[in-house]
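As a plain string of letters, each chain reads:
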Amino acid sequence: MKYRTIGTDPKNRREVSVLALGAMLFGSRTDEETSFALLDRYVEAGGNFIDTSDNYAYWVDGGQGGQSEELLGRWRRSRGIGAEVFIATKLGARPLAPGTGYVDNAEGLSAKVIRESAERSRERLGVDKLDLLYAHIEDYDVPLRETVEGFGELVAEGTVGLLGVSNHAVWRVERARAIAAAAGLPGYEVLQYAHSHLRPRLDVPDDFWPDGSLGHAGAELLSYLREEPTLTLVAYSPLLKGAYTHPDRLPADYDHPGTPARLKVLEEVARETGATVNQVVLAWQIGGALPILPLAGVSTLAQLEENLAAVDLELTEEQRARLDGVR
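Residues numbered from 1 in each chain as written. Predicted model: local features only at pLDDT ≥ 70, side-chain atom pairs only at ≥ 80, totals over all residues. Heavy atoms only, no water.

Student: Teacher, can you tell me more about the sheet that holds strand E9 (residues 232-236) here?
Tutor: Strands belonging to one sheet form pairs held by backbone hydrogen bonds; the direction of such a pair is parallel or antiparallel. Ordered by their spatial adjacency, eight strands build a closed barrel running E3-E4-E5-E6-E7-E8-E9-E10, and the pairing between neighbours is parallel. With strand direction ignored, the average angle separating the axes of adjacent strands in the sheet is 30°. Bridge count between strand E8 (residues 190-194) and E9: five bridges; the pairing is parallel. Following the sheet pairing, Ala194 is matched in E9 by Tyr236. Of the strands in this sheet, strand E5 (86-91), strand E6 (130-135) and strand E7 (160-166) touch helix H6 (residues 144-157), which is tilted by about 155° from E7. (Pairing = 2+ DSSP bridges. Helix = DSSP H or I, 4+ residues; strand = E, 2+ residues; numbered from the N terminus. Axes fitted to C-alpha atoms, helices over the stretch in contact; angles between N-to-C directions. Contact = heavy atoms within 4.5 Å.)

Student: Please clarify how the nonpolar core should be interpreted in this entry.
Tutor: Taken as a class, soluble globular proteins show a tendency for nonpolar side chains to be buried jointly. Phe49, Ile50, Phe151, Leu191 and Leu233 are the most contacted members of the largest nonpolar core, which totals 91 residues. The element best represented in this core is helix H10 (residues 277-286), accounting for seven residues. Apart from residues lying up to four places away in sequence, Ile50 is in contact with Leu21, Ala23, Leu39, Tyr42, Leu72, Trp75, Val85, Phe86, Ile87 and Ala88. (Core = buried A, V, L, I, M, F, W, Y, C linked by side-chain atoms within 4.5 Å. Buried < 20%, exposed > 50% of the residue type's maximum accessible area, 1.4 Å probe, protein only.)

Student: Where do I start with the packing of aromatic side chains in this structure?
Tutor: Any two aromatic rings considered together are summarised by their centre-to-centre distance and by the angle between their planes. Enumeration over the complete set of coordinates arrives at six aromatic pairs. Centre to centre, the rings of Tyr102 and Phe208 are 5.3 Å apart; their planes meet at 80°, and the pair counts as edge-to-face. Of this pair, Tyr102 sits in helix H4 (residues 102-105) while Phe208 sits in the loop between E8 and helix H8 (219-227), placing them 106 residues apart in sequence. Note on Tyr102: relative accessible area 33%, which makes it partly exposed. Seen from their ring centres, Phe151 and Tyr188 are 6.2 Å apart, and the 70° between their planes marks the pair as edge-to-face. Here the residue Phe151 occupies a position in helix H6, and Tyr188 occupies one in the loop between helix H7 (170-183) and E8, the gap between them amounting to 37 residues. (Phe/Tyr/Trp six-rings, centres within 6.5 Å; stacked < 30°, edge-to-face > 60°.)

Student: Hey, could you run me through helix H9 (residues 258-273) in this one?
Tutor: An α-helix turns once every 3.6 residues. As a result, residues three or four positions apart point the same way. Counted at 1.5 Å a residue, the expected span for H9 with its 16 residues is 22 Å, and the 23 Å between its end C-alpha atoms agrees. Residues Gly258, Thr259, Arg262, Val265, Leu266, Val269 and Ala270 constitute the buried set of H9. What you see down the axis of H9 is that its buried residues fit within an arc of 140°, all on one side. Counted as exposed and oriented over 90 degrees from the buried face of H9: Pro260, Lys264 and Arg271. Those residues of H9 that are buried lie in contact with H10 and helix H12 (317-325). (Expected span 1.5 Å × (residues − 1). Arc of directions from axis to C-beta.)

Student: Is there a simple way to explain the pairing of E8 in this structure?
Tutor: Each regular strand shows side chains that alternate between the opposite faces of the sheet. A large share of E8 lies buried, amounting to five of its five residues. Along E8, one buried face is formed by Val190, Gln192 and Ala194 and the opposite face, lined by Leu191 and Tyr193, is buried too. Pairing of E7 with E8, which is carried by three bridges, proceeds in the parallel orientation. Across the sheet, residue Ser166 finds its bridge partner in E8, namely Gln192. You can see the chain leave E7, run along H7 and come back into E8, and the turn it takes is right-handed. Considered for its hand, the β-α-β crossover made up of E8, H8 and E9 is right-handed. (Right-handed = clockwise from strand over helix to strand, strands pointing away.)

Following this line, the structure appears as structure tokens:
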């Protein structure tokens, strides 16, 4: 396994594995026995960065989520896992009532919600301190200052370590960080956005983003990352939920003229290296110039082994140039 440092404060920064494990469906769609086996193997291979959220996976049973955090808590206790495993969670997108969702009825990012939701996450995970806590989605109804101060209070109290943000407009991330800096408070240092080698159209509106997606790492976010060396991008859905091996799963917003060219280069590099396309995508992210950590969920040990092998895949500069330069 390889590792990267995230965070700047000596009290809270950590060395985390360059491949993060997504636990979104653990305890719901992925049963407990399988989930435990996947977690055990990941840690055995040197992995120490696990990602969850307080709303995972509410859509499976129409509830409010919490199954993933609860399973991770049971796994930690059964294995005697302590601070050696770094667990990130999120708040803000948990439905306030069963049968609703984050689009119409999210918990939001008020100071009250931040405190109460973080406490519930600590209880479910069985930890005194959340290693990394994200603002999961935007809350336009709460002033940014209130959100920034709410997160900052938890860091000051020692119940949260690092702060992160996901699925926010870049301008709001920067504004929140500026508010935190001016007030002498900790700000967001980890950004979690969807990112893969294939690029979607970002102008397609949906129920949550009427102006187009803010949840993908587009040019603006990547350029922001390039200019802010203290930031780290955790790239979720790097393998597009299996679409590289099952093209029928590719979302409609990837159906544009740029996709075939990028797929062609991926397949060429895969043949040259003897690796799978999935492994090339992960290796491209892990070893690139920008600080990117792929976050991949799995449901089988075979998928996990494939992903773990990508950590040691070394792409040549020429291969990287082709992958980066494809139009």
